[in-house]
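Observations on the three-dimensional arrangement
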Amino acid sequence: MAKKTKGQELAEKLTWSATNIGKEAPKQIAKAQKFCEGYKNFLDEGKTERECVRYAVKLLEKNGYRPFERLMTYQPGDKVYFVNRGKSLIATTFGIEPVENGVRMNGAHIDSPRLDLKPNPMYETHDIAYFKTHYYGGIRKYQWGATPLAMHGIVFKKDGTSVEISIGEKAGEPVFCVTDLLPHLAARQNERHLRDGLKGEELNIIIGSLPYQDEEVKEPVKLLALQLLNERYGITEADFYRAEIEMVPAVKAKDVGLDCSMIGAYGQDDRICAYTALMAEIDTRMPTHTTVTILTDKEEIGSDGNTGLNSDYVLHYIEDLADQSGALVRQVLRSSICLSSDVNAAYDPNFADVYELRNACQLNRGCVLTKYTGSRGKSSSNDAGAELLAKVIHILEKDGVYWQAGELGKVDEGGGGTIAKYVAHMNVDTVDLGVPILSMHSPFELSSKLDVWNTYRAFKAFYK
Ligand code: MN
Ligand code: MN
């Protein structure tokens, strides 16, 4: 190679940009491929927050974690977990330093946008049986028509027992769907704003078309559907009031691209950070600081509710940790650091005009550090301090983790939020870190395997 000019040398010293990992560290490709096999399995097994918690508990138990007990005394290296109402989870590996010197928190969310069944969902019209739905989280409603959906959830019956529901995932099982108009008759629908391409009350899901054989029955198609559900799960129509049922895309996680460099799947926001955080937690043996890995619920609807981060369940857990070692909880919190681990919008060349490329994250450039989110001048955002960014970047670079900086689109183009502000509210230093995603919140989100791998490496470095 030709000797570098003075200007080239100076530019190398003074300028910075994130590099394509595939160019600079092709050896990581094989490692990323291997790691992502486990990730794809997690996506297929965890299509609801409850399923993610169940999967995580199984994995944690297998790796020596035990249920957290408030009155126990724990030693460095001990591993525990705590489940909050079946829908969020905290896992800890006790550190060498006392908790008074701070814990290392990593919070990802395991709820994803979807169609929830209404409390009274079943009806029949014109010999077709349907479910009424109420969408959960920010979806682009038109994307949810004419695509196969699976039914997941839990029903509590009158007798106090419960039953888990899953239809549409296994080979041979039926799926469900929302219909859309044929182009031939869509001229008027085409004139609608895209946000109303399918309206909220049009997201009705077809569940059957054959009648129960009895002339005397008023709604025989609905009755047959109910009979089939009753045979399979022992439930009746009234039980839907005691249920949480989520209709989610029925597709499995797939490799995308001839080079299999990407993953396409439902729910990667934010199970991509949940999985990488969980694996980093499990692979951490004797950390300096006690780890607090949080897989939380309700982020997609603003973190409200007692399984979301805008409740005190994490604070109470840290209070318990503080009590165990006779520390003041406020002292623990003010010395702690948290990664609010969530996805960011990857630059999409197809829709370039909503991004500001110098400050957008891109596929295959590593995990993305997001100083602030929010909208209209950073409103409603945790704008992380420079001191914290310095600390986190130091942790990443010491371990050779590929990272990039990202903003959520152009100024005033839109915006969003994460759990970061709720953690920061506890007086914890918090910054967002996650994975770039294309087609975020769609039924088929896209990520890069190299970015997944480097996010795992970031979390491991953070827990050292
Ligand atoms: Mn998210
Ligand atoms: Mn989201």
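Placed above this text is the structure.
The following refers to the structure shown. Model, not experiment: these values are computed from the prediction.

Topic: the coordination of the manganese ion (ligand 2)
In the first shell of the manganese ion (ligand 2), the protein supplies Asp269 (OD), Glu300 (OE), Glu300 (OE) and His441 (NE2), at 2.1 to 2.6 Å from the metal. Considered as a linear motif, the donors of the manganese ion (ligand 2) on their single chain read D-x30-E-x140-H. Between the manganese ion (ligand 2) and the manganese ion (ligand 1), the interatomic distance is 3.3 Å, and Asp269 donates to each metal, bridging them. Here Asp269, found in helix α7 (residues 268–282), pairs with His441, found in the loop between β20 (436–437) and β21 (445–448); they are 172 residues apart in sequence, far enough to count as distant.

Here's the deal with the coordination of the manganese ion (ligand 1)
With distances of 2.1 to 2.6 Å, the protein atoms coordinating the manganese ion (ligand 1) are His109 (NE2), Asp269 (OD), Asp342 (OD) and Asp342 (OD). Site description for the manganese ion (ligand 1): donor spacing in sequence, H-x159-D-x72-D. The buried category is assigned to His109, whose relative accessible area is 1%. Among the residues examined, Asp269 registers a relative accessible area of 3% and is labelled buried.

Notes on the pattern of salt bridges
Across all of its chains, the model carries 25 salt bridges by this definition. The salt bridge involving Arg114 is made with Asp116; its shortest N-O contact spans 2.6 Å. Owing to a relative accessible area of 3%, Arg114 belongs among the buried residues under this scheme.

Quick look at the pairing of strand β8 (residues 162–167)
Of the two faces of β8, the one holding Val163, Ile165 and Ile167 is buried and the one holding Ser162, Glu164 and Ser166 is not buried anywhere. Counted between consecutive antiparallel strands, the loop separating strand β7 (residues 149–156) from β8 contains five residues, among which Gly160 sits at a positive phi close to 95°.

A closer look at the sheet that holds β21
Read across the open sheet, the three strands follow the order β12-β13-β21; overall the sheet is antiparallel. Lying at the two open borders of the sheet, with one neighbouring strand each, are β12 (254–256) and β21. The average angle at which neighbouring strand axes cross in this sheet is 35°, direction not considered. Inspection of the sheet shows β12 paired to strand β13 (residues 262–265) by three bridges, in the antiparallel sense. Bridge pairing links Lys254 to Gly264 in β13. Where α7 meets the sheet, its contacts fall on β13 and β21, and the angle it forms with β21 comes to roughly 35°. Helix α12 (residues 449–462) contacts β12, β13 and β21 of the sheet and is inclined by roughly 65° relative to β21.

Procedures and definitions
Residues numbered from 1 in each chain as written. Chains lettered and ligands numbered in written order. Predicted model: local features only at pLDDT ≥ 70, side-chain atom pairs only at ≥ 80, totals over all residues. Heavy atoms only, no water. Donors = N, O, S within 2.8 Å, 3.2 Å for Na, K, Ca; no water. Helix = DSSP H or I, 4+ residues; strand = E, 2+ residues; numbered from the N terminus. Buried < 20%, exposed > 50% of the residue type's maximum accessible area, 1.4 Å probe, protein only. Salt bridge = Lys/Arg side-chain N within 4 Å of Asp/Glu carboxyl O. Pairing = 2+ DSSP bridges. Axes fitted to C-alpha atoms, helices over the stretch in contact; angles between N-to-C directions. Contact = heavy atoms within 4.5 Å.

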